[in-house]
Amino acid sequence: MQCFVRAPKLSKSEEIILLEESRKVAALNGKRLGLQDDNDLKFLLRGSHLLKVKSNSWRRERFYKLQEDCKTIWQESKKMLRSPESQLFSIEDIQDVRAGHKTEGMEKYAKDVPEQRCFSIIFKDRKKNLDLIASSDMDANHWVAGLGKIIAKTNSMSQRQKLQHWIHACLRKADKNKDNKMSFKELKNFLKEVNIQVDDNYARQIFEQCDTSQTDTLEDDEIEAFYKLLTEREEIDALFSRYSDAEQVMSLDNLVRFLREEQREEDAGPETARSLIERYEPDETIKTEPAMTKDGFLMYLLSDDGNVFDKAHRQVHQDMTKPLSHYFVSSSHNTYLMEDQLTGPSSMEAYIRALTKGCRCVELDCWDGPNSEPVIYHGYTLTSKILFCDVIKAIKNYAFKTSPYPIILSLENHCSLEQQKMMAHHMQTILQDMLLLAPVNSNKCLPSPEELKGKILVKGKKLTSEAEDVSDEDEAAEMEDESVKIQIESNGTSDKLKLAKELSDMVVYCKSVSFEGFDEFNPRPFNEMSSFTEGKALKLSQETGTSFIHHNIKQLSRIYPAGWRTDSSNYNPVDMWNVGCQIVALNFQTKGTEMDIYQGRFQENGFCGYVLKPDFLRDPNSKFNPKAITEGPWRTRKKFQVKVISGQQLPKVNKSKNSIVDPRVIVEIYGVQRDNDKKQTRVIDNNGFNPKWNETFEFDIDIPKLALVRFMVEDFDASTKNDFIGQFTAPFTSLKQGYRHIHLLTKNGDLYPSATLFVHISILDAQ
């Protein structure tokens, strides 16, 4: 039986001191966020009772309160033996805060409560939404507005501010008795909290170096001295000293020299250097010289201007007036699924998450539902069902929040004529002017993303004048699962489907047809497109790669996962992109290397979901074949040199207090087969806070325009599988040269607050 030691009861005066101290810390953190004296923040710090909603029969009152760190929320729990940590969640884990009945839970279980009192917290990972009801409209407004402000302010913090905020929160956590002093024992706990293991002698040495008052505790200025000692970056100091003068200041001319010699900035000149000083130098006196201190230099290196990813590529920078078939399109497979393909839940939330991740082609598997209302689910399986009309409403609300460029609704239609008409009715009445119902021009090619801005296109079967029915393309029937096969046999499915004219008329540019081979002399109409399983597409790419490329110049091709992937695993999309396939559909709900590569490809061009294919995949005379590389305009060979210097604030993988990561970095190239490569650093033991590698790798890249680079950090374990820590993937052509920080992403593809790698990148023309 587990025993609990009751904390000693505090006296009244001690309670008052502790409360006052807590208020001071909260005020300081509020100031750091730029929210001092904000009424919404003050309300959240006081906390309030809210009704937590789980079902029609489960509504419980719970107390919720923002902690004084202004980054975690405490929630009351009635569960026995629940640890204090499990009652906290971080604001950094929140994806969105939605007012009203904006989740499935609220729609189902809180319709009896006025919308103004309802709100939902959506988390970044697969954690369930938190649906809440406030006791008044004003309370709900405080929560929605307050959380929104904290999230916005946190996101706009500089990397240096995030680091400072995080370290001070860890210091506060380590200060167990909240006396605002740090004992030697608390210092050792703090070092474990920030993911670094040091021996007692070294810890004692740091402690005594900072304990100038010799009281055997650190306080006030001594804690600040300890903070500065901890966050020193020797590699930055060495780099700065090479370009600074005797006064430890980098002059304007030296900054220009650094930008040209090290960073290889094409537009490096006095104006560029002056703008960087203006933006990042914290010392106003030095700024007027103009020059840069070491603090300003570090702030520059941690900023967007010092990022490994080209800042210009964070905007839409490509020509968006080419035909739709000239772009890679971010596309999701079976978008409605949250988990596997056989028994998992279907959800509107899955569509919202895909659209906010930049997805531009979503899939809807439509079947007859009760009360003449079509439903969406994975046919023949035990996946749950959601209403077609609810999905269309969610798509309307989120279609253009991340990108203004067109959405394609890929319909897999299994409905009766009556319910097909209902589908058409819902799309027409809900989407209204967003829905494309007629050609936008008279050209003999697909329109451009620019021409289709703000429009939603329907992909599906279309009636011909000769027939009332069409062939039924049933992807669910391809699943390699015994129960699915039995279900199909018992249903006696037909390969023909009656198609309602109302639904057929909605298909303008994306008419689904069966693939009948490549015929370059008699090409199919430009508005026809085919779908291929990954296996079929891979076979075509290997056997007739150049023909597939030519086909994809005028036609759209959609690729989807093989039937055996019932666990919702993904295939490597790179092989499909290499032959110009546009709609390469992946299971967005499944995290891993394939999804990292996918999101990496669409990082560029402003994350708008459309990336212009390289010119040799758009040229009708192109002889490019990714399986047999010959000389041509596509072959611009490069030597890619990466020096992995150091890491900063790598997160803990195991949340256990004594668990410290042993990180190593893996650099991977994904592109044509001859360019694929992987190299890794040695393992650094017991240091996730500031590991140093200083290892250089070299890669030969033949086709740079098709290559992606993935930087992955893992926690090495000799006895079990290594754990993922973080990663960043980007097109090779989006990388900047010189000394750069890589801002790592979580397994879910979200940005870590302060986890980075520091690298040096060099790209040379190969001989």
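Refer to the preceding data block for the structure.
If you're wondering where the values come from, they're calculated on a predicted model, not measured in any experiment.

We now examine the environment of Asp131. Its place among the elements puts Asp131 in strand β7 (residues 130-133). Distance from Asp131 to Pro731, taken between C-alpha atoms, is 39 Å for residues 600 residues apart in sequence. Among residues more than four places away in sequence, those in contact with Asp131 are Leu51, Lys52, Val53, Thr103, Gly105, Met106, Phe119 and Ser120. Within the local environment of Asp131, its side chain forms a polar contact with the side chain of Thr103, the two groups lying 2.9 Å apart. A polar side-chain atom of Asp131 sits 2.7 Å from a polar atom in the side chain of Ser120.

For helix α8 (residues 221-230), the set of buried residues is Glu222, Ile223, Phe226, Tyr227 and Leu230. For α8, the arc enclosing every buried residue in end-on projection is 145 degrees, short of the 170-degree limit, so these residues lie on one face. Within α8, the exposed residues directed more than 90 degrees away from the buried face are Asp221 and Lys228. Residues of α8 that are buried sit in contact with α5 (159-174), α6 (184-193), α7 (200-210) and β9 (218-219).

Here we take up the packing of α6 against α7. Two elements in contact, α6 and α7, have axes whose closest approach is 10 Å; the angle formed by their N-to-C orientations is 115 degrees. What the angle tells us is that α6 and α7 run roughly perpendicular. For the pair α6 and α7, the crossing hand works out as right-handed. Contacts between α6 and α7 involve Phe184, Leu187, Lys188 and Leu191 from the former and Asp200, Ala203, Arg204 and Phe207 from the latter. Looking at the contact of α6 with α7 residue by residue, the classes come out as five nonpolar, no polar and three charged.

The strands making up a sheet associate through hydrogen bonds between their backbones, and the pairing can be parallel or antiparallel. Read across the open sheet, the seven strands follow the order β4-β3-β2-β1-β7-β6-β5; overall the sheet is antiparallel. The open sheet has two edge strands with one neighbour each: β4 (88-90) and β5 (94-99). Put simply, the sheet's adjacent strands are angled 35 degrees from each other on average, direction ignored. Here strand β3 (residues 72-75) runs beside β4; their pairing, made up of three bridges, is antiparallel. Considered in β4, the bridge of Thr72 is made with Ser90. Against the sheet, helix α2 (residues 39-46) contacts β1 (48-53) and β2 (59-66), and its axis sits at roughly 120 degrees relative to β2. Across the face of the sheet, helix α4 (residues 137-156) comes into contact with β1, β2, β3, β5 and β6 (118-123) while running at roughly 150 degrees to β5.

Oppositely charged side chains are able to pair whenever their charged atoms sit close together. Under the criterion given, the structure shown has 41 salt bridges. Across the pair Glu284 and Lys287 runs a salt bridge whose closest N-O atoms are separated by 3.5 Å. Taken together, the positions of Glu284 and Lys287, both in helix α12 (residues 284-287) and three residues apart, correspond to about one turn of that helix. Accessibility expressed as a relative area gives 15% for Lys287, which makes it buried. When the shortest N-O distance is used, the salt bridge between Lys453 and Glu450 registers 3.3 Å. Take Glu450: its relative accessible area is 34%, and that puts it in the partly exposed class.

For the rest of this paragraph, the subject is a positive patch on the surface. Taken together, Lys54, Arg60, Lys79 and Lys128 make up a surface patch of like positive charges. With respect to the helices and strands, Lys54 occurs in the loop between β1 and β2. Using a relative accessible area of 46% as the deciding quantity, one classes Lys54 as partly exposed.

A few words now on the packing of aromatic side chains. According to the stated counting rule, one finds 30 aromatic pairs in the structure shown. Members of the aromatic cluster, connected to one another through ring pairs, are Phe240, Tyr243, Phe258, Tyr280, Phe297 and Tyr300. A cation sits over an aromatic face here: Lys127 above Phe123, 4.1 Å from the ring centre. Its end group placed over the ring of Phe758, Arg233 keeps NZ or CZ at 5.3 Å from the ring centre.

Attention now goes to the side chain of Asn605. One can find Asn605 in the loop between α22 (593-601) and β24 (610-612). In this structure Asn605 touches His313, Gln315, Val316, His317, Gln318, Met320, Tyr610 and Val611, once residues within four positions along its chain are discounted.

The rules we used
Counting from 1, residues in each chain are numbered in the order their sequence is written. Given that this is a predicted model, residues contribute local features only at a pLDDT of at least 70 and side-chain atom pairs are listed and counted only at 80 or more, while totals for whole chains, interfaces and linings are drawn from all residues. Side-chain metrics rest on all non-hydrogen atoms present in the structure, leaving aside hydrogens and water. Helix and strand assignments follow DSSP, with helices taken as H or I runs no shorter than four residues and strands as E runs no shorter than two, numbered in order from the N terminus. Any pair of residues with heavy atoms lying within 4.5 Å of one another is described as a contacting pair. What qualifies as a polar contact is a pair of N or O atoms within 3.5 Å, subject to a donor-acceptor requirement within protein and to the restriction that residues adjacent in sequence count only when both atoms come from side chains. Exposure classes here rest on a 1.4 Å probe applied to the protein chains alone. A residue is buried below 20% of its type maximum, exposed above 50%, and partly exposed in between. This arc is taken over the directions from the axis of the helix to the C-beta atoms. The axes are straight lines fitted to the C-alpha atoms, using for helices just the contacting stretch, and the angles between their N-to-C directions are given from 0 to 180°. Any angle from 65 to 115 degrees is called roughly perpendicular, while one under 35 is roughly parallel, one over 145 is roughly antiparallel, and all others are oblique. By the definition used in this description, the sense in which the near helix is turned from the far one sets the handedness, with an anticlockwise turn below a right angle giving left-handed and a clockwise turn giving right-handed. Classification used: nonpolar for Ala, Val, Leu, Ile, Met, Phe, Trp, Tyr, Cys and Pro, charged for Asp, Glu, Lys and Arg, polar for all others including Gly. Pairs of strands are assigned from DSSP output, requiring at least two bridges between the strands. Salt bridge, as used here: a side-chain nitrogen of Lys or Arg that lies within 4 Å of a carboxyl oxygen of Asp or Glu. Excluding any residue in a salt bridge, patches collect residues exceeding 30% relative accessible area, merging like charges within 9 Å and nonpolar Val, Leu, Ile, Met, Phe, Trp and Tyr side chains within 5 Å. Computed with the Shrake-Rupley method and a 1.4 Å probe, the accessible areas treat only the protein chains shown as cover for residues. The sign given to each residue is positive for Lys and Arg and negative for Asp and Glu; His and the chain ends receive no count. We put the charge of a Lys on NZ, of an Arg on CZ, of an Asp on CG and of a Glu on CD. Aromatic contacts are taken between Phe, Tyr and Trp rings whose centres are within 6.5 Å, Trp giving its six-membered ring; a plane angle under 30 degrees counts as stacked, one over 60 as edge-to-face, and the others as tilted. The criterion for a charge sitting over a ring is simple: Lys NZ or Arg CZ within 6 Å of the ring centre, and within 35 degrees of the ring normal.

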